[in-house]
Amino acid sequence: MKTAITELFGIQHPIIQGGMHYVGFADLAAAVSNAGGLGVITGLTQRTPELLAKEIARCRDMTDKPIGVNLTFLPSFTSPPYPEYIAAIKEGGVKAVETAGRSPEQYMPALKAAGIKVIHKCTSVRHSLKAEKIGCDAVSVDGFECGGHPGEDDIPNMILLPRAADELKIPFVASGGMADARSLVAALSMGAAGMNMGTRFVATKEAPVHANVKQALVEATELDTVLVMRALRNTERVLKNKGVTQLLEVEREKGASLKIEDIHEQVAGVYPRVMVDGDMDAGAWSCGMVVGLINDIPTVKELIDRIMTEAEQIIRQRLTGFLDGAVVNAPARAVA
């Protein structure tokens, strides 16, 4: 399948693995790239630019296919040394960067000078248009269904993707709620040139996370995520657990006066406790509503091959069947 995204990044399939804290290591990124997608190393999970350089080199030992790096620009008093991270990306020969969080505008000259293609994650059309204006090559349009930070507009992808298609000139991928062939075909039909999957890739054999995490995703339903930190305008969709229940109780007690310090215990240092130690009740960790569509733990290659095979079946048989006048009653199904 060829789309503007496969051409832009030089990949076989229009599937991108989004950056995920304590998940986006070389192991998963290489597996996704080897399977024909774009694997992405999460930059800031590596505590220093030197460690990121080593992780890129480790990934290069596992794949000769294109890879990307996620750089999330965080508001903080002591910002990470982003220029040094960008230098490590450049020196590692990485030609794709997924940016997220705050606008990457001040770093665009350095990224462009290095010949790096930039795809920025946006939760609204207005932010997508700003990304286009500052020179991003593509956008990852993140709907309300997504795990992590969905923004504050609460617009789901059935509306957000067509709106992005109406406004954008650069290509975009659908992010949030993406899990299988049906997700891909639906995204393509609404104007996207591919899809970005996060939560779904966590439930794969190569994902370097504790087995408890993968099992929790298989067992959860679409009703098992919740939004936290709304009062801080830093809304995050997370999987329900005991730590999150405690967090929600604090939020109810504090109301509009909530400060990040009030929930420090439930949000700080949670990812290593969950992803490495397998403590599923540690606190808030990002998980999308798409968890309701996760029913197995395949290899990355099995997952991507399945998506592409079933996507072709949906397009050639089910959708073309409608145009040919066939009575198509069977719903489009996916194995997982």
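Each remark here, short or long, concerns the structure printed above.
Residues numbered from 1 in each chain as written. Predicted model: local features only at pLDDT ≥ 70, side-chain atom pairs only at ≥ 80, totals over all residues. Heavy atoms only, no water.

Turning to the overall build of the protein, a few remarks are in order. Looking only at helices and strands, the protein has 14 helices and 10 strands in total. Rg of the C-alpha trace for the protein: 19 Å, near the compact-globule value of 20 Å for 336 residues, within the 12% margin. C-alpha extents for the protein along the principal axes are approximately 60 × 45 × 40 Å. When each of the 336 residues of the protein is scored for burial, the buried share is 52%. Within the protein, counting contacts between residues at least 6 apart in sequence, those at least 24 apart form 62% of the total. Side-chain charges of the protein comprise 35 positive and 40 negative groups, with the mean position of each set lying 3 Å from the other. (Helix = DSSP H or I, 4+ residues; strand = E, 2+ residues; numbered from the N terminus. Rg over C-alpha atoms; globule rule 2.2 N^0.38 Å. Buried < 20%, exposed > 50% of the residue type's maximum accessible area, 1.4 Å probe, protein only. Contact = heavy atoms within 4.5 Å. Lys, Arg positive; Asp, Glu negative; His and termini not counted. Charge placed at Lys NZ, Arg CZ, Asp CG, Glu CD.)

Before going further, it helps to spend a moment on unusual backbone geometry. With a phi close to 60 degrees, Tyr-22 is a non-glycine residue in the positive phi region. Along the chain, the position of Tyr-22 falls in the loop between β1 (15–17) and α2 (26–34). We note that Asp-154 has phi near 60 degrees; this positive angle belongs to a residue other than glycine. Looking at the secondary structure, you find Asp-154 in the loop between β6 (138–142) and α7 (157–167).

Of all 6 residues in strand β4 (residues 96–101), 5 are buried; the element is thus mostly enclosed. Here strand β3 (residues 67–73) runs beside β4; their pairing, made up of 6 bridges, is parallel. By the bridge assignment, Leu-71 is partnered in β4 with Thr-99. Pairing of β4 with strand β5 (residues 117–122), which is carried by 4 bridges, proceeds in the parallel orientation. The residue of β5 that forms the bridge with Val-97 is Val-118. For the segment spanning β4, helix α5 (residues 108–113) and β5, crossover handedness is right-handed. (Pairing = 2+ DSSP bridges. Right-handed = clockwise from strand over helix to strand, strands pointing away.)

Attention shifts here to the nonpolar core. Judged by nonpolar contacts, the single largest core of 83 residues is most densely connected at Ile-89, Phe-201, Met-275 and Trp-285. Top contributing element to this core by residue count: helix α14 (residues 300–323), with 7 residues. Setting aside residues no more than four positions away along its own chain, Trp-285 makes contact with Val-213, Leu-217, Glu-236, Arg-237, Val-238, Leu-239, Asn-241, Tyr-271, Val-274, Met-275 and Met-280. (Core = buried A, V, L, I, M, F, W, Y, C linked by side-chain atoms within 4.5 Å.)

Note that Asn-157 resides in helix α7. Dropping the residues within four chain positions of it, Asn-157 is found in contact with Val-141, Asp-142, Gly-143, Glu-145, Pro-162, Ser-175, Gly-176, Met-178 and Met-190.

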